Amino acid sequence: MLFKKRTYATIQLPKSKEPYVQTEADPITRGEVIPEGDFHKCPNCGEIFYAEILRTTEGVCQKCGQHLRLGARERIAQITDAFDEFHHQMEETNPLDFPGYEKKLASNRERSQEAEAVVTGLATIGEQPCVLAVMDAGFMMGSMGSVVGEKITLAVERAKEEALPLIIFCASGGARMQEGIYSLMQMAKISLAVEAFSKVGGLYVSVLTDPTTGGVTASFAMQGDLIVAEPGTLIGFAGRRVIEQTIRQTLPEGFQRAEFLLEKGFLDQIIPRNEMKETLTRVLKLHGGKR
Amino acid sequence: MREEIKRVESELKRLEALQADGIDVSEAINKRKQEVKAMKAEFPMDAWDRVTKARDAKRPVASQYIEGLVDDFMEFHGDRRFGDDPALIGGVGWIGDTAFTILGQEKGVGTKERVKRNFGMLNPEGYRKAQRLMKQAEKFNRPILCLVDTPGAFCGLGAEERGQGQAIAESLTLMAGLQVPVITIVIGEGGSGGALAMAVADEVWMMENSIYSILSPEGFATILWKDASRAQEASEVMKITANDLESFGMVDRVVREPDEFCVETLPAVIESMREIILKTVSDYQKLPVESLLKKRYEKFRAMGRVSEKEGTE
Ligand SMILES: [Zn+2]
């Protein structure tokens, strides 16, 4: 049962004792985070690691270099020197009265120890201040509902008000189906904020992490002044299965991976996890920070 | 009661077939017609009825709206980067005495043309053609009218290779900053990001029996319930009708449709729309650019429902 399906690790959250293994039934639409044992299996090469060892390698498989998915807290711990969170208590309502949505949210909160699929705040990265938003694929597959949209919009607005650079780590399966059209409108809301921020000269760095798909790809993920990604990240608009059904053929190996997007001209760089903090620091310095 | 209406309607069809074969059943036909009319008046359409109407092959398409609404329309082609997307019609023309830039997602009429138009599903070059023409509208200070009618942006290999997500994302920021008024009318299907990419507008209108949704009901049922056959059920819970969206404050106007909405009944509908389009655009044109942009920002800024909205003004 444990290793039957393709699994990937989400590194332990500071608040919780249990490490997590996420069952990846369908990387686009399923977002179950299930507490399992003390070890994880690399989804790429199958190597089995103790959770403790994986943590010392920042969640990168030492055998094949696969960048495993990270929870938002772990990501923030890896790249920031200081972090002051915004709006932690904001929670979803159920705008469409969608059956079972509250229960789904509650179980995701319980498992992930997060209120929603994005964490935002004021951060210091290599002595450079910035506004940081980090999405968490462990919470309903990082899908975008009203809270994700609102928190990201507020983060963009805060960056504009305080004339700070903005960094968003994207990780999302796309729309939050249970919020229907409300989910769609978050794409417009965030885009308006990004455009207003851009007009006043704000720097926005979009970092794409596994997976970045659907409505997030079709909005703020692709609106950065710089767009970078971790190695091997799945990046696309439509899901693989939908495309295969449409064109009735199997997609080539490596399709919709970061390396493919770099080749097609949609990324500035691919940045390995162990170079992310240093690279972001350099970028922030080059855009108005102190050398 | 829905089943009852459908039962009487199918009986009506059978009677009409008899009539066509030369058997006089006109009295029965009239009686059934009255019954259907009365039942429909008492029980309004459900979401699935509207999905059916929104997708009906007889429903007017963008090119027919343009033909009826726009004088001296001149079509412009190409995105200047890759190609010309037949699923998007773009150009300029007159509505009344005002020159507009018109952009329409086109499904086409008849099988051959529908295939050519890719059933209204745009590729990245379609969105990039729209962007080019929107920038031109801004340069020449023309208002923009967008007609939305798409099941969604095209999901293909080439579309991904050429950056479907990036193309839509860029349309969203471009529309966010456009310094001319934009009206978008959802005329049939408003499918997902592919529709939104032409709907970050000062006003968004919907035809009475159009739909606007995060995904098709079939796709929604597949993702949430692993069962595409539950699309009808999905259409209800998704809240995708013009009335739903108007009640959410996401749509500014619902344009009434006749019972039989087709190319023959379109002219009367267009005549009812023309003056309102002109009046609306002229009101927005009176605003200073900063106010126009601020109003657009605030319109979409208010969309979303959260609890404990701390930190917002
Ligand atoms: Zn590995």
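Just above, that's the structure.
Not measured: the values here are computed from a predicted model. (Residues numbered from 1 in each chain as written. Chains lettered and ligands numbered in written order. Predicted model: local features only at pLDDT ≥ 70, side-chain atom pairs only at ≥ 80, totals over all residues. Heavy atoms only, no water.)

**Q** How should the coordination of the zinc ion be read in this particular structure?
**A** Around the zinc ion, the protein contributes the donor atoms A:Cys42 (SG), A:Cys45 (SG), A:Cys61 (SG) and A:Cys64 (SG), at 2.2 to 2.3 Å from the metal centre. Every donor counted, the four donor atoms about the zinc ion form angles of 106 to 112° at the centre, which fits tetrahedral coordination. (Donors = N, O, S within 2.8 Å, 3.2 Å for Na, K, Ca; no water. Tetrahedral: all angles 85-135°; square planar, octahedral: opposite > 155°, others 65-115°.)

**Q** I keep staring at the pairing of strand β3 (residues 98-105) of chain B and nothing clicks. Help me out?
**A** Consecutive side chains along a regular strand alternate between the two faces of the sheet. Residue and element names in this part refer to chain B. Within β3, six of the eight residues are buried, leaving the element largely enclosed by the surrounding structure. Pairing of strand β2 (residues 88-95) with β3, which is carried by eight bridges, proceeds in the antiparallel orientation. Within the sheet, the bridge partner assigned to Gly90 lies in β3 and is Leu103. What sits between the antiparallel neighbours β2 and β3 is a turn of two residues, in which Gly96 has the positive phi angle 60°. In this sheet, strand β4 (residues 144-150) lies alongside β3 in parallel orientation, the contact comprising four bridges. What sits directly across from Gly104, in β4, is Leu147. (Buried < 20%, exposed > 50% of the residue type's maximum accessible area, 1.4 Å probe, protein only. Helix = DSSP H or I, 4+ residues; strand = E, 2+ residues; numbered from the N terminus. Pairing = 2+ DSSP bridges.)

**Q** Hey, could you run me through helix α6 (residues 124-139) of chain B in this one?
**A** Side chains that are three or four residues apart share a direction in an α-helix, a result of its 3.6 residues per turn. Residues and elements named next belong to chain B. Here α6 is 16 residues long and its end C-alpha atoms lie 23 Å apart, about the 22 Å a rise of 1.5 Å per residue gives. Counting buried positions over the 16 residues of α6 gives twelve, a clear majority of the element. For α6, the full list of buried residues reads Pro124, Glu125, Gly126, Tyr127, Arg128, Lys129, Ala130, Gln131, Arg132, Leu133, Met134 and Ala137. Positive phi shows up at Asn141, right after α6, with a value of about 55°. (Expected span 1.5 Å × (residues − 1).)

**Q** Can you walk me through the layout of surface pockets in this structure?
**A** Residue and element names in this part refer to chain B. Roughly 1,400 Å³ of volume is contained in the second largest pocket. In terms of lining, the second largest pocket is formed by 33 residues, of which the most central are Glu9, Lys40, Lys53, Asp259 and Glu260. Elements with a contribution of two residues or more to the lining of the second largest pocket: α1 (2-20), α2 (26-42) and α3 (47-55). If you tally residues by element for the lining of the second largest pocket, the top one is α1, at seven residues. (1 Å grid on protein atoms, 1.4 Å probe; cavity = no way out; pocket = protein on both sides within 12 Å on 5 of 7 lines; lining within 4 Å. Points joined across faces, edges and corners; volume = space filled by probe spheres on them.)

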